[in-house]
Amino acid sequence: MKPMKNIANFSIFFISSIICTLLIPNPYSFIKINEKSPVDIYAPYDIKIYKTLNELKAESIKVISQVYPVLVYEEYNIESKEKSPLFEFLMLELRKYLNLGIVSDEDHKFLQNDLSEKVAIYVGGELYEKNKNNILSFSKVYDTIISQVKLIYPDSVEKVKIFLLEHLKPNLKLDKKLTQENRMSALNSIEKYKYIVNKGELIVKKGERVDEETYEKIKAIYQNKNLIFKGLLIVILFILWGSINLSRKSISISNNLIINSAIVLFSLIHSFIINAGYSYLLNFSMFFNIVLVFLIPKHISINYATTSSILLGIYFNMDFHAFVWTLAISLSSILLSNIIKKRYEILLFGIFLIPLGILLQSILKYEITSSREILLISISVIISLFLAFIVLLVIEKTTRLTTKFNLLDISDLEHPLIQMLRDKAPGTYNHSINVSILAQEAAEEIGANALLCKVGSYFHDIGKIKNPEYFIENQTGYNPHDELDPVESAKIVIGHVIEGVKIAKKFGLPNAVIDIIRTHHGTSILEPFYKKAILKNPDIDKKLFQYPGPNPRTREEAIVMLADSVEAAVRSLKEKDKDSIKKLVREILNNKWESGYLENTDLKKRDIEKIEEVFIRVLESIYHPRIAYD
């Protein structure tokens, strides 16, 4: 199961990184050609203004046409023993044409299709240039001579044909390899860019009209290698972010989906904002952080705040100010959430966040924040807080997702279920109160969600309402299990977990509380009943005495399991002195650790040691000897 969970979690981060990379905005999309620029734009780095494909194509054609095809001269003599006027005529014509230059028909075809007007001829190591139209093909020379012979010596045409085929041959040979090498060398020397805009150079001043050349420079900021660089940065960011979150075993697939969905939506919204030409001060990171801090563990929401701030800095063209402002306002939102007790208090955040945003901007710019910037900050804060209030309310009403608010709503001991537990199972009620004290203090010690631990402890044994008399803390001497088969007894006791989940769902308790009910015994075995059963039947199935589980997956679930176990065990001690409590607590916690009940959580051994110290201190306080009064 674990490998599948890890693969699923990794896949979620991978898909999110791809989406956020595709959403990288053009920070200058609001700039229009032949319109006035609304802002000053400086080159953020050295920018090469690259030639267009058409420009490169035209320049390549020009370069190729200036690198002439290479012909190599091959000298040869034509001799004939005949001294007749015909052959004297032939020799004269042949020498004339050879001086002009003769190439094969194939080479001649290549030259005619070539872009160059001239050819380069190597003669004895010397290079000569010649108009390619003055180079004759073998067929042209052959046909020309035959035509002349037909007019002057018509009876000797066949004889001349044989002579020409035997003696005439090209004296210029095309060197295609050398021609290709020369041209490739020339093409490689072509600069891919027209010129460089230096870092810090003013590209356009606010209010100036954007001409074609200026627009080309602005486009280059977004279109050059910086876009690839940003994409790589985002992928690396997500790898680091995912590694940090996945290193914590407690992160669930549902929490992973929540934070990744949030960051994709965050990216989509702010990509649109950037493309619309607004600054980083129109910023809704507060909305995301306020919502998330009430839905997921705080350490994960802080990771999200950091990652989303870095992402926004990348989106705003590597703007450090955008990163710092967003991170500061995000962490402030998370910090303020600690003091919230009622939902409506979210709306009061603006009293702190608007002045903070204005102050931050003034510090970052080294000047007083402008009225437009104040307006953007105010809009961002007000919309973020209002949306957070509405979204959290909708989530709580339509789902059982756990928030601080719905935990506070059910944290009152006058809750109908708690009253029912107190009336029907008073022993279980007292046990639950003690467990809540233990769990809350342990959670505070290790930085877990203390409110969830407290409320989860109140309800963890709510299933005992159905058959309270079958649980020892509610018994006053008579034990109905003495009359039952061990299998039947185990079924009733194990049933309190299943029944508890049903009751919790019926009363609309949050998911995290239901998970605590489901996991507070994990997959442990009811040893007393199992040992009793194997005395009658050594082959009896052990699974009949095993809680359905699963084992805890979060710190909070683990803390309630441990608190429940030690409180019940210490309660059963005859002598509740300091040494006995300390020995029993240590034994139970070590057993849970070594038996693997906590391996699905991110608890470390040092956390268990801190929890142990808290449990011992609280239990000593609860069960310390009372002084007798006369």
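Residues numbered from 1 in each chain as written. Predicted model: local features only at pLDDT ≥ 70, side-chain atom pairs only at ≥ 80, totals over all residues. Heavy atoms only, no water.

**Student:** Can you lay out the overall build of the chain for me, pointing to particular residues and giving the numbers?
**Tutor:** On a plain count of helices and strands, the chain comes out with 25 helices and 10 strands. Since a compact globule built from 630 residues should have a radius of gyration of about 25 Å, the 44 Å found for the chain marks it as more spread out than a globular shape. For the chain, the proportion of its 630 residues judged to be buried stands at 47%. Within the chain, counting contacts between residues at least 6 apart in sequence, those at least 24 apart form 77% of the total. Of the roughly 33000 Å² of accessible surface on the chain, a fraction of 58% belongs to carbon and sulfur atoms. Looking at charge distribution, the chain has the averaged site of its 77 positive side-chain charges lying 2 Å from that of its 72 negative ones. (Helix = DSSP H or I, 4+ residues; strand = E, 2+ residues; numbered from the N terminus. Rg over C-alpha atoms; globule rule 2.2 N^0.38 Å. Buried < 20%, exposed > 50% of the residue type's maximum accessible area, 1.4 Å probe, protein only. Contact = heavy atoms within 4.5 Å. Areas by Shrake-Rupley, 256 points an atom, 1.4 Å probe, with all protein chains shown as cover. Lys, Arg positive; Asp, Glu negative; His and termini not counted. Charge placed at Lys NZ, Arg CZ, Asp CG, Glu CD.)

**Student:** Outline the packing of aromatic side chains, listing residues and values.
**Tutor:** Across all of its chains, the model carries 13 aromatic pairs by this definition. Plain terms: the ring middles of Tyr280 and Trp325 are 6.3 Å apart, the flat faces sit at 55 degrees to each other, and that makes the pair tilted. With a gap of 45 residues between them, Tyr280 in the loop between α10 (253-275) and α11 (285-293) and Trp325 in helix α13 (residues 320-336) connect regions that are remote in the sequence. Both residues of the pair, Tyr280 and Trp325, belong to the buried class. Ring geometry for Phe320 and Phe323: centres 6.0 Å apart, planes at 50 degrees, overall tilted. Separated by three residues within a single helix, Phe320 and Phe323 lie in helix α13, roughly one turn from each other. Taking NZ or CZ as reference, Lys592 lies 4.9 Å from the ring centre of Tyr597, over its face. (Phe/Tyr/Trp six-rings, centres within 6.5 Å; stacked < 30°, edge-to-face > 60°. Lys NZ or Arg CZ within 6 Å of the ring centre and 35° of its normal.)

**Student:** Explain the sheet that holds strand β6 (residues 126-131) to me, and be specific about the residues and the numbers.
**Tutor:** The strand order across the open sheet built from four strands is β6-β5-β3-β8, with neighbouring strands paired in mixed fashion. Every interior strand has two partners, whereas the edge strands, β6 and β8 (172-174), have only one. On average, each strand axis in the sheet is inclined to that of its neighbour by 30 degrees, with strand direction left out of account. For strand β5 (residues 118-123) and β6, the ladder comprises six bridges, and the chain directions are antiparallel. Each bridged residue has a counterpart across the sheet, and for Val119 the counterpart in β6 is Lys130. (Pairing = 2+ DSSP bridges. Axes fitted to C-alpha atoms, helices over the stretch in contact; angles between N-to-C directions.)

**Student:** Give me unusual backbone geometry: which residues, what numbers.
**Tutor:** In the segment running from Gly549 into Pro550, the intervening peptide bond is cis, with an omega of 5 degrees. Turning to its location among the elements, Pro550 is positioned in the loop between α22 (527-536) and α23 (555-571). A positive phi is found at Asn34, a non-glycine position, where the angle reads about 65 degrees. Note on placement: Asn34 falls in the loop between α1 (2-22) and β1 (41-42). Among the residues examined, Asn34 registers a relative accessible area of 48% and is labelled partly exposed.

**Student:** Please set out the packing of α23 against helix α24 (residues 578-594) residue by residue, giving values where relevant.
**Tutor:** In the contact formed by α23 and α24, the axes pass within 10 Å of each other and the chain directions differ by 140 degrees. As judged from the angle between their axes, α23 and α24 are oblique. Crossing geometry of α23 relative to α24 is assigned as right-handed. From α23, Met561, Leu562, Ser565, Val566, Ala569 and Val570 reach across to α24, where they touch Ile581, Leu584, Val585, Ile588, Leu589 and Lys592. Grouping the constituent residues of the contact of α23 with α24 by class yields 10 nonpolar, one polar and one charged. (Parallel < 35°, antiparallel > 145°, perpendicular 65-115°, else oblique. Left-handed = near helix turned anticlockwise from the far one by under 90°. Nonpolar A, V, L, I, M, F, W, Y, C, P; charged D, E, K, R; others polar.)

**Student:** Outline the pairing of β5, supporting the account with residue identities and numerical values.
**Tutor:** Sheet topology places strand β3 (residues 70-73) next to β5; three bridges connect them, and they run parallel. Residue pairing for β5: Val70 is matched across the bridge by Ala120. Two successive antiparallel strands, β5 and β6, enclose a turn made up of two residues, where Gly124 displays a positive phi of approximately 55 degrees.

**Student:** Account for a nonpolar patch on the surface, with residues named and values stated.
**Tutor:** Taken together, the side chains of Leu347, Leu375, Ile379, Ile383, Phe386, Leu387, Ile390 and Val394 define a hydrophobic patch exposed on the protein surface, amounting to about 640 Å² of accessible area. Take Ile383: it is sitting in helix α15 (residues 371-398). (Patch = residues over 30% accessible without salt bridge, like charges linked within 9 Å, V, L, I, M, F, W, Y side chains within 5 Å. Salt bridge = Lys/Arg side-chain N within 4 Å of Asp/Glu carboxyl O.)

**Student:** Residue-level account of the packing of α10 against α11, with values.
**Tutor:** Look at α10 against α11: their axes get within 10 Å of each other, and the N-to-C directions meet at 170 degrees. The orientation of α10 with respect to α11, classified from their angle, is roughly antiparallel. Seen from above, α10 lies across α11 with right-handed handedness. Note on element contacts: α11 touches α10 through Ser285, Phe288 and Leu292, opposite Ile258, Ala262, Leu265, Phe266, Ile269 and His270. For the contact of α10 with α11, the residue count by class is seven nonpolar, two polar and no charged.

**Student:** Outline the confidence of the model for the chain, listing residues and values.
**Tutor:** Per-residue confidence for the chain averages 87 on the pLDDT scale, and 96% of its residues sit at or above 70. Of all secondary-structure elements in the chain, the lowest mean pLDDT belongs to helix α8 (residues 212-223), at 76, while helix α19 (residues 450-459) reaches the highest, 95. Note that pLDDT drops below 50 for residues 626-630; the model gives that stretch one contact with residues more than four away or on any other chain. (pLDDT = per-residue confidence, 0-100.)

**Student:** Go over the environment of Phe266, please, and point to the residues and values.
**Tutor:** Here Phe266 is to be found in helix α10. Taking the C-alpha atoms as reference, Phe266 lies 7.8 Å from Phe284; in sequence the two are 18 residues apart. In contact with Phe266, other than residues within four places in its own chain, are Ser285, Phe288, Tyr304, Ser308 and Leu312.

**Student:** Can you tell me about the pattern of salt bridges, naming the residues and giving the values?
**Tutor:** Taken as a whole, this structure holds 21 salt bridges when the rule is applied. The shortest N-O distance in the salt bridge between Glu367 and Lys365 comes to 3.1 Å. Accessibility expressed as a relative area gives 43% for Glu367, which makes it partly exposed. A residue is classified by how much of its surface remains accessible, and Lys365, at 28% relative accessible area, is partly exposed. In this structure, Asp602 and Arg555 form a salt bridge, with 3.1 Å as the shortest nitrogen-oxygen distance.

**Student:** Break down the side chain of Asp107 for me, with residues and values.
**Tutor:** Within the secondary structure, Asp107 sits in helix α4 (residues 105-113). Once residues within four sequence positions are removed from consideration, Asp107 is found in contact with Lys173 and Leu174.

**Student:** Please give an account of the nonpolar core that cites residues and values.
**Tutor:** The tendency in soluble globular proteins is for nonpolar side chains to be buried side by side. Counting 58 residues, the largest nonpolar core has Phe459, Val513, Ile559, Val585, Leu589, Phe615 and Leu619 as its most contacted members. The residues touching Leu589, leaving out its near neighbours within four places in the chain, are Leu562, Val566, Ile608, Ile611, Glu612 and Phe615. Phe238, Ile290, Ala322 and Ile334 belong to the second largest nonpolar core, which has 57 residues in total. (Core = buried A, V, L, I, M, F, W, Y, C linked by side-chain atoms within 4.5 Å.)

**Student:** Explain the side chain of Thr326 to me, and be specific about the residues and the numbers.
**Tutor:** Along the chain, Thr326 falls in helix α13. When residues no more than four places from it in sequence are discounted, the contact partners of Thr326 are Asn283, Ser285, Ser309 and Leu312.

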